Amino acid sequence: MKKHLIIAGIICAASIPPATAVTKCVNLSADTKCTTSSIVSYDADWTATCNGVQIQGVVYPGVVKSGAIAGSVADSTGPASESSAATCYCKIISPVVSRWVISHTNASSEECAGWCGRIIVDTGGDGNAFRTAIFSNLSD
């Protein structure tokens, strides 16, 4: 009986395929050009199409940070702002995850979602800094 269990164990072990790592290939970099596909004002979600890749993001209106500028990477967002001004933190959540990046400062909480979507397609100063920051801090 013991011999049959050993043989069955060997057969099972041999028939299980080896584990392999999965790599996600997404063509997003600081040079990525984006077009907007959906900016919903007064919503916490935003989407954009970048190099043919549909990305989804979220926004968080946090406390106003002294000296914060668009394109700054933030380790945390801080508590939600109760004041009339907020710092808009944006994050990509799909197909990859980015760190929180400031898209705009001194905006109302309601304006933040629109800023995340608008600035990622902006080809000028703040838009370049924002895209560089958000696409340079990606993970699975």
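The sections below set out a description of the structure shown in this document. (Residues numbered from 1 in each chain as written. Predicted model: local features only at pLDDT ≥ 70, side-chain atom pairs only at ≥ 80, totals over all residues. Heavy atoms only, no water.)

1. Describing the overall build of the protein chain
Let me state the cut-off plainly: Per the convention used, a helix needs a DSSP run of H or I reaching at least four residues, while a strand needs a run of E reaching at least two, with both numbered from the N terminus. For each residue, the accessible area found with a 1.4 Å probe, counting protein chains only, is set against the maximum for its type, and the residue is called buried under 20%, exposed over 50%, and partly exposed in between. The contact criterion used throughout is that any non-hydrogen atoms of two residues lie within 4.5 Å. Residue exposure ignores everything except the shown protein chains as possible cover, and the areas themselves are Shrake-Rupley values with a 1.4 Å probe.
When helices and strands are counted, the protein chain shows 3 helices and 8 strands. The N-to-C order of helical and strand elements in the protein chain reads α-β-β-β-β-β-β-β-α-α-β. By residue count, 34% of the 140 residues in the protein chain fall in the buried class. Restricting to contacts in the protein chain with at least 6 residues of sequence separation, those with at least 24 account for 56%. Summing over all exposed atoms, the protein chain offers an accessible surface of approximately 8100 Å²; the carbon and sulfur share of this is 57%.

2. Considering the state of the cysteines
A covalent bond between the sulfur atoms of two cysteines is what we call a disulfide. Note the cut-off: The term disulfide is used for any two cysteine sulfur atoms that are within 2.5 Å.
By the definition in use, this model includes 2 disulfides. Here C34 is linked by a disulfide to C50, with a sulfur-sulfur distance of 2.2 Å. Because the torsion about its S-S bond is 110 degrees, the bridge between C34 and C50 counts as right-handed. Note that C34 is positioned in strand β1 (residues 34-39) and C50 in strand β2 (residues 45-50), a separation of 16 residues in sequence. Across the pair, exposure class does not vary: C34 and C50 are buried alike. Between C90 and C116 runs a disulfide, and the two sulfur atoms are separated by 1.8 Å. Here the S-S torsion is close to -85 degrees, and the disulfide linking C90 with C116 is therefore left-handed. Pair noted here: C90 is in strand β5 (residues 86-94) and C116 is in helix α2 (residues 112-121), with a separation of 26 residues, a long-range link. Taking the relative accessible area as the measure of exposure, C90 reaches 0% and is therefore buried.

3. Some points on the nonpolar core
Let me state the cut-off plainly: The set of buried Ala, Val, Leu, Ile, Met, Phe, Trp, Tyr and Cys residues whose side-chain atoms join them within 4.5 Å is what this entry labels a nonpolar core.
Counting 23 residues, the largest nonpolar core has W46, I55, I120, I134 and F135 as the members making the most contacts within it. Formed by 6 residues, the second largest nonpolar core is a distinct cluster that contains V58, A68, A74 and W100.

4. Points about unusual backbone geometry
In this structure, the amide linkage connecting S94 to the following residue, P95, adopts the cis form with an omega of 5 degrees. Relative to the helices and strands, P95 resides in the loop between β5 and β6 (97-98). The phi dihedral of N51 falls on the positive side, at around 50 degrees, and the residue is not glycine. As for its position among the elements, N51 is in the loop between β2 and β3 (53-62).

5. A few points about the environment of I92
Along the chain, the position of I92 falls in strand β5. When residues no more than four places from it in sequence are discounted, the contact partners of I92 are W46, I55, Q56, G57, V97, S98, I134, F135 and L138.

6. Section: the pairing of β2
Inclusion rule: Only strands that DSSP links by at least two bridges are regarded as paired with each other.
Sheet topology note: the β2/β3 ladder contains 6 bridges and is antiparallel. The residue bridging T47 from the neighbouring strand is Q56, located in β3. As consecutive antiparallel partners, β2 and β3 are separated by 2 residues, and within that stretch N51 has a phi angle of approximately 50 degrees, a positive value.

7. Some thoughts on the pairing of β5
Where β3 and β5 come together, 7 bridges link them in antiparallel fashion. Counterpart to G57 in the pairing with β5 is I92. As paired strands, β5 and strand β7 (residues 100-107) are joined by 4 bridges and run antiparallel to one another. Within the sheet, the bridge partner assigned to A86 lies in β7 and is A107.

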